[in-house]
Amino acid sequence: MVTEDEAMRRAIALAARGLGTTSPNPVVGCLLLDAEGEVVGEGFHAYAGGPHAEIVALAQAGERARGGTAVVTLEPCNHTGRTGPCSHALINAGVRRVVIAVDDPTPVAAGGATTLRAAGVQVETGVRRKEAEQGNVAWLTAVRRGRPYVTWKFAATLDGRSAAADNTSQWITSAPARSDVHVLRSTMDAIMVGAGTVVADDPQLTVRDLRDGTLAIKQPLRVVVDSQGRTPRKARVRDVAAPTWIVTTAEVGAGPDGRVDLNSLLAALFGRGIRSVLLEGGPTLAGSFLAAGLVDQVIGYVAPKLLGAGKPALVDAGVGTIADAIELDLTDIAQIGPDLRFIASLRQKES
């Protein structure tokens, strides 16, 4: 027998399997328990247009779902899109009780809980809400703000340098850390850099298996912020390994500084179905995003090395005095090989 709390923990873990492949949809996990509390079905939303988590779990459970409980990380949808409404599917399967972690914030899909209650199904919401929201933070942030969730990733030495005085930067961090970055990339809808990074480093910006160099089947969109059209014709980001958008002011407009308007850029990406962006571009682009208040999360890989000179990991981020420092809340610290990885969310300033 499995408790509903234990089932929700499993559902949250299942949902994470969809990271990087479901946009513009959320990641969702579902467990079905029979009337005796035994697991009879489980599923997660694997890709946009594919069956939702509840449908996968119901197919596994069959008749054993009748009189049972569905434990799901996000309120079952209540509309017909590329798939039918999950609320109706649960009712038709004879599910007696539905346990939900997070209410759906989108007007088009919300209302599943109301429909279920109207059909006589017991509904409980808020079970492990905080944990489920964290697992779906990119999608939830994106649909609430109308722009993708932005994670700034950087690698640096202990003294904050991303390159030596002669501009060499390969490799500041270890092979395990670089492998971890590819796992991180695989969960994102887009990877973004500035034209300066492309000119200096010629990155390919793909998701690869570092053991044999093979490309992952699903590749994020590569985004190059290029206000002045500096991306070389033979740059690796122009190859066929992954889709690429080289963004100019002509397409999304210019900000007060004459460069690509970052708010317009993120709005355009949202319109393309992008819900999460990994910002990997150099210190200037990162500083611009931070100064504009457009970074939601920071992931830093810090190597136990000192350079004393060279390119800093971050330049002007709009901070002129210590009172204006951008404050972070650390959410995770781990050792990856010899390096330290920290994950932090930006602290919301009180208004």
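What you are looking at is a predicted structure, and each value in this text was computed from that prediction instead of being measured. (Residues numbered from 1 in each chain as written. Predicted model: local features only at pLDDT ≥ 70, side-chain atom pairs only at ≥ 80, totals over all residues. Heavy atoms only, no water.)

Draft legend 1. Looking closely at the pairing of strand β10 (residues 276-279). Burial along β10 is two-sided: the face carrying S276 and L278 and the face carrying V277 and L279 are both buried. With 4 bridges connecting them, strand β6 (residues 149-157) and β10 associate as parallel partners. Bridge pairing in β10 links T151 to L278. In this sheet, β10 lies alongside strand β7 (residues 190-194) in parallel orientation, the contact comprising 3 bridges. Pairing of A190 across the sheet is with V277, part of β10. (Buried < 20%, exposed > 50% of the residue type's maximum accessible area, 1.4 Å probe, protein only. Helix = DSSP H or I, 4+ residues; strand = E, 2+ residues; numbered from the N terminus. Pairing = 2+ DSSP bridges.)

Draft legend 2. Local environment of the sheet that holds strand β8 (residues 221-225). Across the sheet, which stays open at both edges, the 8 strands sit in the order β9-β8-β7-β10-β6-β11-β13-β12 with mixed pairing between neighbours. What marks the edges here is a single partner per strand, and that holds for β9 (244-247) and β12 (328-336). With strand direction ignored, the average angle separating the axes of adjacent strands in the sheet is 20 degrees. Inspection of the sheet shows β12 paired to strand β13 (residues 339-346) by 8 bridges, in the antiparallel sense. (Axes fitted to C-alpha atoms, helices over the stretch in contact; angles between N-to-C directions.)

Draft legend 3. Molecular detail of the nonpolar core. If you look at the biggest cluster of nonpolar residues, it comprises 37 residues, and the most contacted ones within it are M8, L32, L58, L90, V95 and V98. Once residues within four sequence positions are removed from consideration, L32 is found in contact with E38, V39, V40, G41, A57, L58, A61, A65, T69, A70 and V95. The next biggest cluster of nonpolar side chains, apart from the first, holds 33 residues, and it includes V150, L290, L294 and V295. (Core = buried A, V, L, I, M, F, W, Y, C linked by side-chain atoms within 4.5 Å. Contact = heavy atoms within 4.5 Å.)

Draft legend 4. Molecular detail of helix α1 (residues 4-15). Taking 1.5 Å of rise per residue, the 12 residues of α1 would be expected to cover 16 Å, and the 16 Å separating its terminal C-alpha atoms lies within 8% of that figure. In this fold, the buried residues of α1 make contact with β1 (29-33), β2 (39-44), β3 (69-74), β4 (97-102) and α5 (129-135). (Expected span 1.5 Å × (residues − 1).)

Draft legend 5. Summary view of the packing of aromatic side chains. Scanning the entire structure with this criterion turns up 2 aromatic pairs. Ring geometry for F154 against F342: centres 6.0 Å apart, planes inclined by 65 degrees, an arrangement best described as edge-to-face. With F154 in strand β6 and F342 in strand β13, the pair connects residues that are 188 residues apart, well separated along the chain. Side by side, F154 and F342 carry an identical accessibility label, which is buried. (Phe/Tyr/Trp six-rings, centres within 6.5 Å; stacked < 30°, edge-to-face > 60°.)

Draft legend 6. Here's a closer look at the pairing of β7. Of all 5 residues that make up β7, 5 are buried, and the element is covered over most of its length. Across the two faces of β7 the burial is the same, with A190, M192 and G194 and I191 and V193 all buried.

Draft legend 7. Fine view of a nonpolar patch on the surface. A cluster of nonpolar side chains, contributed by V319, I326 and L328, occupies part of the molecular surface with about 190 Å² of accessible area. Overall, V319 belongs to the partly exposed group, its relative accessible area being 38%. (Patch = residues over 30% accessible without salt bridge, like charges linked within 9 Å, V, L, I, M, F, W, Y side chains within 5 Å. Areas by Shrake-Rupley, 256 points an atom, 1.4 Å probe, with all protein chains shown as cover. Salt bridge = Lys/Arg side-chain N within 4 Å of Asp/Glu carboxyl O.)

Draft legend 8. A look at the sheet that holds β3. Judged by pairing direction, the sheet is mixed, and its 5 strands sit side by side in the order β2-β1-β3-β4-β5 without closing on themselves. Only two strands of the sheet have a single neighbouring strand rather than two, namely β2 and β5 (122-125). Taking the axes of each pair of neighbouring strands and ignoring which way they run, one obtains an average angle of 15 degrees across the sheet. Relative to β3, β1 runs antiparallel, the two sharing 4 bridges. Opposite L33, over in β3, you have T69 as the bridge partner.

Draft legend 9. Unusual backbone geometry, seen in detail. With an omega of 10 degrees, the peptide bond between S23 and P24 qualifies as cis. Inspection of the secondary structure assignment puts P24 in the loop between α1 and β1. Backbone geometry places N167, a non-glycine residue, at a positive phi of 75 degrees. One can find N167 in the loop between β6 and α7 (175-186). According to the relative accessible area criterion, N167 is exposed, its value standing at 57%. A positive phi angle, close to 60 degrees, is found at L205, a residue other than glycine. On the secondary structure map, L205 appears in the loop between α8 (195-201) and β8.

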